[in-house]
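# Inside the fold
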Amino acid sequence: MAPPLLLLLLLLIRAAGTSSAPAPPAYSAHCPAPPAVPDLPAGAGPASAAPAPALQLSTGYFSGGGDLLFGPDNGARLPRSFALLPTSVLPTADASVLRVAATLSFSGAGRNRNGIWPSGRNRRLFDYDGQQHRLRPRLPRFVGRRGSLVFDLHGYYSSASGDLCMVGSGSGRAADGRPVALLAAVLRLRFPRPANLSSPFVTGRLESTGPGPGVAFEPVSLLAYAEEGYAYAESASCPRPPADGRDVRQLFGGRNFTCPGLRSLLKPGFRLDYGNGGQSAASSLGINQTHMFVNRVHCAADGAVRVYVAFSNMSDYSRYYFMVTEKAIVAEGFWDQNSNRLCLKGCHVVNSGSSRAELTVSECGIGMTFWFPGVWSIQERSFSAGLVWNTSLKSDQGIAGYSTAVRGNFGGLKYNYTKVEEATKYYKQYGLNKKRKGKFPDRNSYLDLAFRFNLQKRGGSGYASPITIGTMLSDGSSFVLSNLSTRPAVLETKQRLLNVSYNIRYVGHWSLATFQPQQISAEGVYDTETGSLCLIACRRVNVSSSDCKILITAHFASLDAKAAKHVQGKIISLRGKTDPLFFETLDIDSYGMYIGQVEESIWRMDLESTMALISMTLSCAFIAVQLFHVKKVPEALPAMSITMLVVLALGYMTPLVLNFEALFKHSNKQTVPFSGGGWLEVNEVMVRIITMATFLLQLRLLQLAWSARSSVDGSKHEAWAAERKVLWVCLPLYIIGGVITAIVHMRTNHSRRMLRQVARLMPSRHTFWEDIVPYGGLLLDGFLLPQVILNVFSASKVRALSPVFYIGGTMLRALPHAYDAYRTHHFVRSMRPSYIYASSRDDLFSLAWDIVIPCGVVLLATLLFFQQWLGGAFFVYSKRRKPSSEYEMVSTVSS
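All figures in this text were calculated on a predicted structure; none of them were measured in a lab.

What counts and what doesn't
- Residues numbered from 1 in each chain as written.
- Predicted model: local features only at pLDDT ≥ 70, side-chain atom pairs only at ≥ 80, totals over all residues.
- Heavy atoms only, no water.
- Helix = DSSP H or I, 4+ residues; strand = E, 2+ residues; numbered from the N terminus.
- Buried < 20%, exposed > 50% of the residue type's maximum accessible area, 1.4 Å probe, protein only.
- Contact = heavy atoms within 4.5 Å.
- Areas by Shrake-Rupley, 256 points an atom, 1.4 Å probe, with all protein chains shown as cover.
- Disulfide = S-S within 2.5 Å.
- Phe/Tyr/Trp six-rings, centres within 6.5 Å; stacked < 30°, edge-to-face > 60°.
- Pairing = 2+ DSSP bridges.
- Polar contact = N/O pair within 3.5 Å; in protein donor to acceptor, adjacent residues only side chain to side chain.
- Axes fitted to C-alpha atoms, helices over the stretch in contact; angles between N-to-C directions.
- Parallel < 35°, antiparallel > 145°, perpendicular 65-115°, else oblique.
- Left-handed = near helix turned anticlockwise from the far one by under 90°.
- pLDDT = per-residue confidence, 0-100.
- Patch = residues over 30% accessible without salt bridge, like charges linked within 9 Å, V, L, I, M, F, W, Y side chains within 5 Å.
- Salt bridge = Lys/Arg side-chain N within 4 Å of Asp/Glu carboxyl O.
- Expected span 1.5 Å × (residues − 1).
- Bend = angle between axes of the 7 residues up to and from the residue.
- Arc of directions from axis to C-beta.
- 1 Å grid on protein atoms, 1.4 Å probe; cavity = no way out; pocket = protein on both sides within 12 Å on 5 of 7 lines; lining within 4 Å.
- Points joined across faces, edges and corners; volume = space filled by probe spheres on them.
- Nonpolar A, V, L, I, M, F, W, Y, C, P; charged D, E, K, R; others polar.

### Observations regarding the overall build of the protein
- For the protein, the count of helices and strands is 16 helices and 32 strands.
- Within the span of the protein, comprising 895 residues, buried residues form 49% of the whole.
- Taking the contacts inside the protein whose residues are at least 6 apart along the sequence as the reference set, 67% of them involve residues at least 24 apart.
- With the model as given, the accessible surface of the protein reaches about 42,400 Å², and the carbon-plus-sulfur share is 58%.

### Considering the state of the cysteines
- For the coordinates displayed, the defined rule picks out five disulfides.
- Paired by a disulfide, C31 and C165 hold their sulfur atoms 1.8 Å apart. As the torsion about the S-S bond is roughly -70°, the C31-C165 disulfide counts as left-handed. Separated by 134 residues along the polypeptide, C31 in the loop between α2 (27-30) and β1 (57-64) and C165 in strand β7 (residues 163-173) bring together distant segments of the chain.
- For C31, a relative accessible area of 2% translates into the label buried.
- Since its relative accessible area comes to 2%, C165 is described here as buried.
- A sulfur-sulfur distance of 2.0 Å marks the disulfide that ties C538 to C548. Judged by the torsion about the S-S bond (115°), the C538/C548 disulfide is right-handed. In this pair, C538 sits in strand β29 (residues 532-542) while C548 sits in strand β30 (residues 545-556), placing the two residues ten residues apart along the sequence.

### Quick look at the environment of P260
- Take P260: it is sitting in helix α4 (residues 259-266).
- Overall, the relative accessible area of 57% leaves P260 in the exposed class.
- P260 sits 39 residues away from C299 along the chain, and the two C-alpha atoms are 9.1 Å apart.

### Things to note about the packing of aromatic side chains
- One pass over the full model with this rule turns up 29 aromatic pairs.
- Pairing F865 with W869 gives two aromatic rings, centres 6.2 Å apart and planes at 50°, and the pair type is tilted. In this pair, F865 and W869 are both assigned in helix α16 (residues 849-870), four residues apart and thus about one turn of the helix distant.
- Here W869 falls in the exposed class, since its relative accessible area comes to 54%.
- Here the aromatic cluster, defined as three or more aromatic residues joined through ring pairs, consists of F62, F70, F82, F106, F151 and F217.

### A word on the pairing of strand β21 (residues 399-403)
- Of all five residues making up β21, five are buried, and the element is well covered by its neighbours.
- In β21, alternate side chains face the same way, and those of I399, G401 and S403 on one face and A400 and Y402 on the other are all buried.
- In terms of strand pairing, strand β12 (residues 270-273) meets β21 through four bridges, oriented antiparallel. Residue pairing for β21: D273 is matched across the bridge by A400.

### Overview of the side chain of S384
- Following the sequence through the fold, S384 ends up in the loop between β19 (375-376) and β20 (385-390).
- S384 gets classed as buried once you look at its relative accessible area, which sits at 1%.
- In terms of polar contacts, S384 uses its side chain to reach the backbone carbonyl oxygen of L265, at 3.3 Å.
- In this structure S384 touches L265, F270, W371, F372, P373, G401, Y402 and S403, once residues within four positions along its chain are discounted.

### With respect to the packing of helix α8 (residues 595-632) against helix α15 (residues 803-826)
- Where α8 contacts α15, the axes come no closer than 9 Å and their chain directions differ by 165°. Classified by the angle between their axes, α8 and α15 sit roughly antiparallel to one another. Considering how the two elements wind past one another, α8 and α15 form a crossing that is left-handed. From α8, R604, E608, M611, S615, L618, S619, F622, I623, V625 and Q626 reach across to α15, where they touch V804, F805, G808, G809, L812, Y819 and R823.

### A look at the side chain of S641
- Its place among the elements puts S641 in the loop between α9 (636-639) and α10 (642-658).
- Engagement of the side chain of S641 in a polar contact is seen with the side chain of E723, the distance being 3.4 Å.
- Contact partners of S641, with chain neighbours within four places excluded, come to R709, E723, V726, P786, Q787 and L790.

### Brief notes about the confidence of the model for the protein
- For the protein, the average pLDDT comes to 78, and 76% of its residues sit at 70 or higher.
- Note on residues 111-144: pLDDT under 50 across the span, and 73 contacts to partners over four residues away in sequence or across chains.
- Predicted confidence for residues 750-765 stays below pLDDT 50, and this span has 22 contacts to residues more than four positions away or in other chains.

### Some words on a nonpolar patch on the surface
- A cluster of nonpolar residues, L727, L731, I735, V739 and I743, forms a patch on the protein surface that exposes about 410 Å² of accessible area.
- Take L731: its relative accessible area is 42%, and that puts it in the partly exposed class.

### Concerning the packing of helix α14 (residues 785-794) against α16
- At their nearest, the axes of α14 and α16 sit 10 Å apart, and the two run at 35° to each other. Seen along the crossing, α14 lies across α16 with a hand that is left-handed. From α14, L785, Q787, V788, N791 and V792 reach across to α16, where they touch L860, L863, L864 and Q867.

### Quick word on the pattern of salt bridges
- Under the criterion given, the structure shown has 19 salt bridges.
- Measuring nitrogen to oxygen at the nearest pair gives 4.0 Å for the salt bridge that ties D547 to R539.
- With relative accessibility at 0%, the residue D547 sits in the buried group.
- The residue E608 makes a salt bridge to R604 at a minimum N-O spacing of 2.9 Å. A residue pair is termed a helical-turn pair when its members lie 3 or 4 positions apart in one helix, as E608 and R604 do in helix α8 at four residues.

### Observations concerning α15
- Between its first and last C-alpha, α15 extends 33 Å over 24 residues, near the 34 Å set by a 1.5 Å rise per residue.
- The principal kink in α15, of about 25°, is found at A814, preceding the proline P816 by one to four residues.
- Of the positions making up α15, those classed as buried are F805, Y806, G808, G809, T810, L812, A814, P816, H817, Y819, D820 and R823.

### Structural notes on α4
- Among the residues of α4, those classed as buried are C259, G261, L262, L265 and L266. For α4, the arc enclosing every buried residue in end-on projection is 160°, short of the 170-degree limit, so these residues lie on one face.
- One side-chain oxygen of the residue at the start of α4 lies 3.2 Å from the amide nitrogen of G261, identifying that residue as T258.

### Re empty space enclosed by the protein
- Applying the stated criterion to the full structure yields seven cavities of 30 Å³ or more.
- What lines the largest cavity is a set of twelve residues, among which F453, I504, I552, I571 and I588 lie closest to the centre.
- At the level of elements, β23 (451-455), β29 and β30 are the ones that each hand at least two residues to the lining of the largest cavity.
- Considered class by class, the residues forming the lining of the largest cavity number twelve nonpolar, no polar and no charged.

### Some words on the environment of Y308
- The topology assignment puts Y308 in strand β14 (residues 304-312).
- The exposure class of Y308 is buried, given its relative accessible area of 0%.

### Regarding the pairing of strand β27 (residues 497-508)
- Summarising burial for β27: nine of the twelve residues are buried, a large majority.
- Across nine bridges, strand β24 (residues 460-469) lies against β27 in antiparallel orientation. Paired with P466 across the two strands is Y502, which belongs to β27.
- Alignment of β27 against strand β28 (residues 518-527), held across ten bridges, turns out to be antiparallel. The residue of β28 that forms the bridge with N499 is V525.

### Looking at unusual backbone geometry
- A cis amide bond, omega -5°, links A33 with the succeeding residue P34.
- When you line up the elements, P34 lands in the loop between α2 and β1.
- Cis peptide bonds are those with omega within 30 degrees of zero, and the linkage from R193 to P194 qualifies with -5°.
- For P194, the position within the fold is in the loop between β9 (185-190) and β10 (201-208).

### What about the environment of G204?
- Along the polypeptide, G204 turns up in strand β10.
- You can call G204 buried: its relative accessible area is 18%.
- Spatially, the C-alpha atoms of G204 and R188 are 5.3 Å apart, while their sequence positions differ by 16 residues.
- Ignoring any residue separated from it by four or fewer positions in sequence, one finds G204 in contact with R188, L189, V220, S221 and L222.

Here's what the structure looks like:
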């Protein structure tokens, strides 16, 4: 969040908090210097003696204040930070003193690396949506960040000494989210005048001014990197420039040098490599961390540059905040226009007190340089690189740093394959050149060659994406040529064996215990005729060595394959079993779709959305036809099964209850991430509206049948007795099916829990309703069963149901299963299918059910047809078969 937006949010929080604030303390009682000076009379001088940004601190670090107020600082991804934003800077009668009004905002420590608030209450940041199988953000109980405080301050600043003293009061929220009103406070800051390499920090303290109605807090120590008024020393020196550096004009949009461009290139963290003499440099400099961050970058108009560099063993720091880590360096230097690199000289930053915010600059003698490699290989794939060395040692023996960014500007980049010959040998040795049927992805389809994978046994997952194919490099969504001026409209695809390189992000096996992702670099060959991939891979073992004795093989499915398994492969160690780095072969597989299959799926979803709308519209129409039928045939109402009507009513009510919000919200839980428009959402809302209308019509039909049954003269008890017999037959069947479903649900959930190797990343437990609702769909499939049984017990020949109603309803229940059988053979079944029509959330679908259910519903409809023609018990042989029951309708007086 940018500082102005953060400040605005904190001001809103403060306004929403307590309205009564303690009276601000007297300036002279707490700030002996700078002294309070009268304002400059109107018209006696300029409106502003100094620009406000000269005193602005966009972000800094603070310590103290108490854990209850700001939360503990250790282990947080978002460290403590503060910002000082002047609102007015006015001259006074003393030319060296300015009257200043400012807002001081604090943000306490945020979530730790496990996503838990440091308060220890284990608050969940996400809730799991079982219907959508995804995590959704948990809404906060208040607006704003815990430990966020805002102070309104006023005071004076001395440009001669660099001292700023201000008094005021503030309010906000404590670390547990409770609103607090703070005591009046005094702020004392020292701005270095001028700031330089030995004095680059702004330091100070915020203290409570005494007892009062607010909440007391411990003293707060402040630390920030000076933003203005810096004096550069003489230029730094750099070692011999690398021969493969890129022209900076290709990186800076045709310009020679820009500070924002340099800042963006250095923003990603750097992975440190202590090989090639780096250990001696690290020992002499006292650096042993794994990552380096160029946390602050400031430039002058003449190309002078100064930086604040932090070292840490954590790789997921937020770069925006001022980082106070185990090790830090401040450096200054210049941009070398001729060699396209940054040359710096630096000094150690050490802690000078008991507080983490008390830092000072120690001995120097550090050299640093940053450049932008122009040639990539399996060992080196960085958009930017750096070197840190001890100037008393040889300059080529330093700690190398490589950018961890995976996307960037590819202008001027080339790739040097070094493992292709070795990969080709294993490609033939493992029989990957054997002919396979089908057409496979070629060099034009970047997205088809990228895939997510899972380990079959040991747990873990990853994502493999191509970096290069031949001379082409990936820009994240497609390929670009290394020579951009000769890009063809269509790339040649005649070559069978292609040189490729991959970047693999992986969690598991080597890192499953810590869940830290690892970067694996790989290169080799891809066969466009067999869909076979053979790669030699390198993974980082420690800060000074890598393991490049790894073989990765993979078989892509053909483009027209309908199987859900997209890629199958192995990760094989080429080392001997006695080698410490040896590991057992890992089997990998990927479930996904090609781009063409994704487009087919989108078309399928549009079709299914329309089919669902038509199906529900027809259901509504069939009930309307039945209502007209009972008006024409009055004796049909008491002959209808109340159990059947109740089952139908519950079937229409269930989706309304489970998706009630879809009637009123524009957003839709069935929204598919890769759908391009809002047609699916519109159709879904229309389906819910028509479902509501259908449900109301069904209730009306149930009410008419109940009233007619209750008013039958002479046969009332006989009709209800037959209905009770229907219940005695149907209810046990329904209950037994429900119990079986519950047992299967519990056993399935137990199996899922046992198979969740990476459960912390994505919960996979289903709710009970997710398994019981499909069983309700099975009951709806057999909605004619109660009517058929009622006709048997009553031996009725009455045309209780319109042929349009029961034949149409039968077709609507059978068609989804016929469509599911078609869909299984013509579309790829993904791991998380987004089915809108014939969805497993609404009914039971499988090869067996797609045969049994349609046959069952057609059989019931056939029996009902003959019952209404020949009599309810026509298929029951009995010499004492009773004559068909007839109901005599009597008039009733409606109120």
